[in-house]
Amino acid sequence: MERIERHAASGGFQEVWKHRSETLSCDMRFGIYLPPQAAVQKCPVVYWLSGLTCTEQNFITKAGAQAHAARHGLIVVAPDTSPRGELVANDPAYDLGQGAGFYVNATEEPWAAHFRMYDYVLRELPALVEAHFPVTAARAISGHSMGGHGALVLALRNPGRFKSVSAFSPIVAPSQVPWGEKAFSAYLGADRTTWQAWDACALIPAAAERLPLLIDQGTDDEFLDKQLRADLLAAACRQAGHPLTLNLRPGYDHSYYFIASFMAEHMAHHARALLA
């Protein structure tokens, strides 16, 4: 691995690292915030998954997470949202290809060779983090929009892997909304039955672990009614008896202004579980 950025922040350091990913067959970058506590002890980790068009930079420069992570002694890891490079398949649209990995393992060409973000976030990235940084075995996961979808799916499909999960404005039912239908058709193929393994609302009824879900959603989000559908997650959790805290925030939109406004609550949520 190669460190390509290092900035002092809230008593610790915000770093960016580059490495060759065997899972994705390309070079990848991830941001990692090391709180001041990491200089003297091992710390638990929060994994953050960003949304469409984002890189590792959006979260680390806009969310204001460093001060809250420092307060609780949490390491925060923010990977890029997809494989990248000249040899990696792409599409002119913003919602497919590079910058739009959707945190699935693609099975269709030309995507299958590189687009395996699920395996990358679940296995390869944590293995790198745990080999090179002072972390404990306690993990949490969070994300925004497409990344919120990824966080929910990773937590629901892997009981015991994460101590807590949260999301901002997640795509909760990708198999039922345009963003997800487009991406899943390309990455996973036309058989919609295979899509259910990547859909939080479809996973809720059979979830082996009732990990409480913390969701924040702005009511002025332009994507709420067509793409995000928080109402479908609320209905699925209610029917299955799955614990859900859904905070509908009046006046807030889909931007990082919204995320930064409630990042303290989400970091506190993860700290309670990770440090218990």
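One can find the structure itself at the top, above this paragraph.
Residues numbered from 1 in each chain as written. Predicted model: local features only at pLDDT ≥ 70, side-chain atom pairs only at ≥ 80, totals over all residues. Heavy atoms only, no water.

1. Things to note about unusual backbone geometry
The line we're drawing: Put simply, DSSP H or I for four residues or longer makes a helix, DSSP E for two residues or longer makes a strand, and each gets a number counted from the N terminus. Here the term buried applies to any residue with accessible area under 20% of the maximum for its type, exposed to any over 50%, and partly exposed to those in between, with areas from a 1.4 Å probe on protein chains only.
With an omega of 5°, the peptide bond running from E109 to P110 counts as cis. Relative to the elements of secondary structure, P110 occurs in the loop between strand 5 (75–79) and helix 3 (117–132). Its identity is not glycine, yet S145 carries a phi of approximately 60°, on the positive side. Here S145 lies in the loop between strand 6 (135–143) and helix 4 (146–157). Here S145 falls in the buried class, since its relative accessible area comes to 3%. For R229, which is not glycine, the phi dihedral falls at a positive 55°. You can see R229 is positioned in the loop between helix 7 (224–228) and helix 8 (230–240).

2. A look at the packing of aromatic side chains
Worth spelling out the cut-off: Paired rings are identified among Phe, Tyr and Trp, the last through its six-membered ring, by centres lying within 6.5 Å, and are further divided according to the angle between planes into stacked (under 30 degrees), edge-to-face (over 60) and tilted (the rest). Put simply, a charge is over a ring when the Lys NZ or the Arg CZ is close to the ring centre, within 6 Å, and near the line of the ring normal, within 35 degrees.
Taken as a whole, this structure holds 15 aromatic pairs when the rule is applied. Considering the side-chain rings of Y252 and F262, the 5.0 Å spacing of their centres and the 70° angle between planes classify their relative orientation as edge-to-face. Of this pair, Y252 sits in the loop between strand 9 (244–249) and helix 9 (256–274) while F262 sits in helix 9, and the two are 10 residues apart along the sequence. Using a relative accessible area of 29% as the deciding quantity, one classes Y252 as partly exposed. Residue F262 is classed as buried on the basis of its relative accessible area of 9%. Among the aromatic side chains, those forming a connected cluster through ring pairs are W48, F59, F168, Y252, F258 and F262. Taking the ring centre of F13 as reference, the NZ or CZ of R6 above it sits at 3.6 Å.

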